[in-house]
Amino acid sequence: MSTQDLIRRQALEKQWVECDAVCFDVDSTVCIDEGIDEFAAFLGKKDEVSAWTSKAMGGGVSFEDALSARLKIMNPNKDQLDEFIEKNPPKLSPGIAELVTTLRVRGKSVFLVSGGFTQMIHPLADILGIPRGNVFANTILFNENGTFSGHDRTAFTSKSGGKPACITFLKGKYGFSSVTMIGDGATDLEACKPGAADLFIGYGGIQKREKVVKEAKWFVTSFDPLIGLLKQSKL
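Just so it is clear, the model here is predicted, and its values are computed rather than measured.

Parameters at a glance
- Residues numbered from 1 in each chain as written.
- Predicted model: local features only at pLDDT ≥ 70, side-chain atom pairs only at ≥ 80, totals over all residues.
- Heavy atoms only, no water.
- Phe/Tyr/Trp six-rings, centres within 6.5 Å; stacked < 30°, edge-to-face > 60°.
- Helix = DSSP H or I, 4+ residues; strand = E, 2+ residues; numbered from the N terminus.
- Buried < 20%, exposed > 50% of the residue type's maximum accessible area, 1.4 Å probe, protein only.
- 1 Å grid on protein atoms, 1.4 Å probe; cavity = no way out; pocket = protein on both sides within 12 Å on 5 of 7 lines; lining within 4 Å.
- Points joined across faces, edges and corners; volume = space filled by probe spheres on them.
- Contact = heavy atoms within 4.5 Å.
- Pairing = 2+ DSSP bridges.
- Axes fitted to C-alpha atoms, helices over the stretch in contact; angles between N-to-C directions.

S.K.: Describe the packing of aromatic side chains, naming the residues involved and giving the relevant values.
M.R.: All told, the structure shown has 11 aromatic pairs when counted by the stated rule. An angle of 45° between the planes, with centres 6.4 Å apart, marks the rings of F111 and F136 as tilted. Here F111, found in strand β2 (residues 109-117), pairs with F136, found in strand β3 (residues 135-138); they are 25 residues apart in sequence, far enough to count as distant. Each member of the pair, F111 as well as F136, carries the same accessibility label: buried. Their ring planes at 65° and their centres at 6.2 Å tell us that F136 and F169 sit as a pair that is edge-to-face. Of the two residues, F136 is situated in strand β3 and F169 in helix α8 (residues 162-174); the sequence distance between them amounts to 33 residues. On the basis of relative accessibility, which here comes to 18%, the residue F136 falls in the buried class. Site record: aromatic cluster; members linked through ring pairs are F111, F136, F156, F169, Y174 and F176.

S.K.: Describe empty space enclosed by the protein, with residues and values.
M.R.: Scanning the entire structure with this criterion turns up 2 cavities of 30 Å³ or more. Considering only enclosed or pocket space, the second largest cavity measures out at about 70 Å³ in volume. As for the second largest cavity, its lining consists of F63, G115, T157, K159, S160, G161, G162, K163, T187 and E190.

S.K.: Account for the side chain of S93, naming residues and giving values.
M.R.: Structurally, S93 is set in the loop between α5 (78-87) and α6 (96-105). Those residues in contact with S93 that sit more than four places away from it in its chain are T29, V30, C31, I32, Y203, I206 and F223.

S.K.: Quick rundown of the sheet that holds β2? Include the residues and the values.
M.R.: Pairing in this open sheet of 6 strands is parallel, and the strands run β3-β2-β1-β6-β7-β8 from one edge to the other. The open sheet has two free edges, formed respectively by β3 and β8 (219-220), since each of these has just one partner strand. Here strand β6 (residues 179-183) runs beside strand β7 (residues 199-203); their pairing, made up of 4 bridges, is parallel. Bridging from a neighbouring strand, T180 pairs with L199 of β7. On top of the sheet, helix α4 (residues 63-74) reaches β2 and β3; it is set at about 60° to β2, its chief contact.

The following block contains the structure:
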């Protein structure tokens, strides 16, 4: 590593240790799977839905188009969703529980900002000790008889650009001066822009997305380096 690269890395590490809040993507970051794909498999529609997920995470199609298309293919009812959640508890990525705990001990706010669904993410937040109010995701909507009626289109993450918009909102609400976004996909990468995330850390411990590997200033395949840096810092 050149001297210039070392200086850049040290600046990124300092930014990480000193940030006020951390926003995590959920699928293939906090969890080892893609929740919508797993739900689609449960419904017998995995291949069709997975193709749309790959397009969305790779940056090849707008997120709102991919979300609408996947839900239309799945057409789930409420009983199916409830059964899926009951039979498929969250599968945490290695090290994520320790990382979240370490962040919270150091007084940093932790949020889950995901294109996934609140119904699946709330149980995960409970396990990690993250308030449900700190979850920003999509919500599947049902009619009174339990049939599928669509999704909440007012959610930040129901559309492209939703993650940076969410972080901008959080900065305004809580007065954060520095926010870090951690995730595996193109929608996470785009969160790092003026007024939104100040630092983006690409995570490839589960999935390595070519666009993220290429464009992220800092890319990790394990949470251990991030945990280590926090533990080395003063409380």
